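Take a look at the letters that make up each chain.
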Amino acid sequence: MTVEAARRPALVRWLVFATVVLAMLMHAIDQTSVATALSAMQGDLGASLAWIGWTITIYSVGQILVLPLGGPMGDRFGARRVYLIAVAAFTVASVLCGLSSGTAQLIVFRFLQGLAGGVLLPVATAIVSAEFGPDRDRAIALFSTAFPIGAVLGPLAGGLILTFASWREIFFVNVPVGIVLICLGRALIRETPRTAVARVDLVGIGWLTALLLSGMVAITRIGALGEGWTGPASVLCAAAVALVAGRFLLRHLHRHPAPIVSPRLLTGQRLGLMNVMNVLFGAAVLGFSALLPHYAQIRYDMTPIASGGLLTVRAVFMIALSAIAVGLLRRLGHRPLLLAGMAAITIALLLTGLPPVHSGPELWLSLGAAVMGVGMGLAAPSSANAGMHLVPDQAAAVSGLRVLFRQAGAIIAVSVVTAVTSAAADPAVANAYAFLALAVAMGGAVALATRIPNQRGRW
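Everything in this summary refers to the structure shown in the same document. Since the model is a prediction, treat every value here as computed from it, not as a measurement.

**Some words on unusual backbone geometry**
Inference 1: In this structure, Asp301 takes a positive phi of about 55 degrees despite not being glycine.
Inference 2: Tracing the backbone shows Asp301 in the loop between helix 15 (271-300) and helix 16 (304-332).
Inference 3: A relative accessible area of 67% means that Asp301 is categorised as exposed.
Inference 4: Even without being glycine, His358 reaches a positive phi, approximately 55 degrees.
Inference 5: Its location among the elements puts His358 in the loop between helix 17 (334-353) and helix 18 (361-390).
Inference 6: For His358, a relative accessible area of 85% gives the class exposed.

**Remarks on the pattern of salt bridges**
Inference 1: Following the criterion strictly, the structure yields two salt bridges and no others.
Inference 2: A salt bridge links Arg110 to Asp30; the shortest N-O distance between them is 2.8 Å. Here the residue Arg110 occupies a position in helix 7 (residues 103-132), and Asp30 occupies one in helix 2 (residues 10-33), the gap between them amounting to 80 residues. Each member of the pair Arg110 and Asp30 is classed as buried.
Inference 3: Among the salt bridges present, the one from Arg168 reaches Asp44, with a minimum N-O distance of 3.4 Å. Placement of the pair is Arg168 in helix 10 (residues 168-172) and Asp44 in helix 3 (residues 38-45), with a sequence separation of 124 residues.

**Let's talk about a nonpolar patch on the surface**
Inference 1: On the surface, Leu156, Leu160, Phe164 and Ile305 cluster together into a nonpolar patch covering about 390 Å² of accessible area.
Inference 2: Tallying contributions element by element places helix 9 (residues 146-164) first for the nonpolar patch, with three residues.
Inference 3: Assignment of secondary structure puts Phe164 in helix 9.

Conventions and cut-offs
- Residues numbered from 1 in each chain as written.
- Predicted model: local features only at pLDDT ≥ 70, side-chain atom pairs only at ≥ 80, totals over all residues.
- Heavy atoms only, no water.
- Helix = DSSP H or I, 4+ residues; strand = E, 2+ residues; numbered from the N terminus.
- Buried < 20%, exposed > 50% of the residue type's maximum accessible area, 1.4 Å probe, protein only.
- Salt bridge = Lys/Arg side-chain N within 4 Å of Asp/Glu carboxyl O.
- Patch = residues over 30% accessible without salt bridge, like charges linked within 9 Å, V, L, I, M, F, W, Y side chains within 5 Å.
- Areas by Shrake-Rupley, 256 points an atom, 1.4 Å probe, with all protein chains shown as cover.

Set out below in structure tokens:
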């Protein structure tokens, strides 16, 4: 932290903090509120669920691809400048999403939104760290609460907007917020020192992009073969591109001096188990979050605000149990909490997929969402510690990989479920079976978690 920044009044520092947190809150709310609007977007744009599901998955793809770039961009060009550009880009992309006249346009603009949102996290962290100096650990810990708050507010905001307006207003509401953030950022945020950074592995990011997009196209085409492309040939072509991209990505990772992902962190020191577990975890947990509102609407005819409220129930229980889990980590170690959390997640998926027993659908799905929140609250902090215990000298890299693999699992789950649901004669029942299949996948993650060594204390 510079001497000038150190002398800034505490009020100014906290105003900077509030500005940055508001930007992250806008990003977090947008990520969860769109899940409530899948049915509305599908009906308005006349597309299959398989393609409308891309509005969620492509947003995650954008975040994954840009996360390795955000930090180096802030170091090279200044965190303040990159932050302001990212907020402006997110705002413009929101306008374009709201104005979209077709599914293809909406997917492209959601990808741009995801890119801008992915840049925000690392540069916002750098701004808070520079502003608070010796107190940055506490400030960053408080800063991370934006995501749980967004998980609570996002579904409610999406449901409320859909009740009184259209899905387009979910995006337009970002415009005044973005303008305020740009004005506050220009007035309050000081520029961070610029440093020389190593070259980013753009080739690796390119191969990862090709792998994710071609894999998503292949899965989506399976659920939309009747929509006029070239039939099974399109699936085979996309799958072939995915295989080639995956092969070249692995070869590149082993040859590049500073690859986007270190091969040692893919398989070494039981990290392979952690990575597979994180894929399954992301598929089950993030897939549940993305698909639950739509499922509640098509199977039980719940309103958007009621279906969005299910995710708020999940978020409240997740926040409460996370605080308990953090207090127990050093005493019990991460494995007991991880196993208990994953078991609860498995039960939640089973409850969601099964028909209600002695209750109405709202109460039954709320129960499933609450159990899911309990499981997430126990498993999320313990899984983070599990990876860091394995390679304490690579904590930041392991944390980034955890995000990458969980988002990859979510992309796979949402793409597969929406494709299967779109192709099914009874989409609601197909979606129910999909939740049961996710429960089986979570059972596999539990089996892998039993092989991770337990460790108490600090990492």
